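Each chain, letter by letter, is given below.
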Amino acid sequence: METSAVIIVGGGLAGLTSAIHLSGLGFTVTVFEKNAYPKHKVCGEYISNEVLPYLNSLKINLNELKPTYISKLHLSTTGGRNIKASLPLGGFGITRYALDNFLFQKAVASGCLVIQETVDNIVFAEDFFTVTTAEGRELKSEIVLGAFGKRSAIDQKMQRGFIKKKSPWLAVKAHYTGDFHNDVVGLHNFKGGYCGVSKVENNKTNICYLADYDTFKRYKNLEEYQEKVVSKNPNLKVIFETMTLVSEKPLTISQISFAKKNAVENHILMIGDTAGLIHPLCGNGMAMAIHSAKIASNLVTKYLKKELLSRQELEDLYNQEWNHNFRQRLRTGRWLASLLQKPKLSDVTLRVLKAFPFLLSAIINKTHGKPLNKNLEYVH
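This is a predicted model, so every value here is computed, not measured. (Residues numbered from 1 in each chain as written. Predicted model: local features only at pLDDT ≥ 70, side-chain atom pairs only at ≥ 80, totals over all residues. Heavy atoms only, no water.)

A. Just the pattern of salt bridges, in detail. This structure, assessed with the given rule, holds 16 salt bridges. Between arginine 137 and glutamate 117 there is a salt bridge whose closest N-O contact spans 2.9 Å. With arginine 137 in the loop between β9 (128–133) and β10 (138–141) and glutamate 117 in the loop between β7 (113–115) and β8 (119–125), this pair connects stretches of sequence that are 20 residues apart. Assessed through its relative accessible area of 13%, glutamate 117 is described here as buried. Between aspartate 127 and arginine 311 there is a salt bridge, and its shortest N-O distance comes to 2.9 Å. Residue aspartate 127 is located in the loop between β8 and β9, and its partner arginine 311 is located in helix α9 (residues 311–340); the two are separated by 184 residues in the primary sequence. Taking relative accessible area as the criterion, aspartate 127 reaches 35% and is therefore assigned partly exposed. On the accessibility criterion, arginine 311 (8% relative accessible area) is buried. (Salt bridge = Lys/Arg side-chain N within 4 Å of Asp/Glu carboxyl O. Helix = DSSP H or I, 4+ residues; strand = E, 2+ residues; numbered from the N terminus. Buried < 20%, exposed > 50% of the residue type's maximum accessible area, 1.4 Å probe, protein only.)

Structural data, given as structure tokens:
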């Protein structure tokens, strides 16, 4: 049977970042990803600048992709009440189509093996994992990182707690051309959901919104829903009326769960959305995915170098680091989403934030982290 020091199941943002980190330190790393690159994904496509020092330490220069640089926030309620603010750290807009493919190429160049197959099962026995694909391949490893996204067949096979509960959320994403500020990320509320708008590379604008399925299903198609519900927010009405769709068609994904997930299950370290999903209105999911890759990669390095005494210590430390860095962000995200689903309360809240701008800055800080340091664990 083939072996690999580390197996990563899922080749998205978190999985590929971990692959680049660990293979760059000399470990044999295998990534299983069922889809070919490049590929569009449902995503807000905004990344906080907090991750840039870490990416630079991995020699990942995203300037090569010519992202847009974002420094301002425009927030609005269902009725169109507006508040604008500066983002303390700022961020940048980049499509997953370009970014994931870029990271894939970096991972391969660093010596990582990327296999385009679907993982069918992960079994842990006698301190080793055996990963089996639907195509019949078997691979053995000491470490498996779970990076299989928001919701997957592997979650169902593992009978993870969140997968047993129905989620009311549906997400829609597409790219448009038209007049939109390069340096602004818009977060606009509408009845039953909220919408993010920001520029990405090549002068395109990403529009991604989260909708309550019970509201959505009352309409015969996406166009009718956008016209009769989403566009009731005056800001979104102008955006949809003046912009031209350039995607072949909008992408949708259903059953998006923001329920609590375990960061370690069946001895697998979960990273990115697989470990926990923050509400998109916080605009920080991509940065959290990259940050979780850093935490996992540093601890895995220590484990493989025998600097940790046991697998239990590895898992305990990862849980501690995950909770320390992300638990409060996730709670704040759930609180904000609950607040914005109550139009009268969100309108009052926005009035308060407009009168006391420092409160908005405090909320932004609660959902974002500090710039990541460049420290990597090196193999000697």
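Here the narrative resumes, following the displayed structure.
B. Looking closely at the nonpolar core. Counting 70 residues, the largest nonpolar core has Val6, Val29, Ile47, Leu99, Ile122, Leu145 and Tyr318 as the members making the most contacts within it. No other element matches the 11 residues that helix α8 (residues 285–304) contributes to this core. Counting 21 residues, the second-largest nonpolar core is a separate cluster that includes Leu170, Tyr176, Phe190 and Val229. (Core = buried A, V, L, I, M, F, W, Y, C linked by side-chain atoms within 4.5 Å.)

C. Representation of helix α3 (residues 96–109) within the structure. Between the first and last C-alpha of α3 there are 19 Å, a value that for 14 residues agrees with the 20 Å anticipated at 1.5 Å per step. If you check which residues of α3 are buried, you get Arg96, Ala98, Leu99, Asp100, Asn101, Phe102, Leu103 and Ala107. For α3, the secondary structure elements touched by its buried residues are α1 (13–24), β4 (46–48) and α8. (Expected span 1.5 Å × (residues − 1). Contact = heavy atoms within 4.5 Å.)

Treat this as a map of the structure, not an account of what it does.
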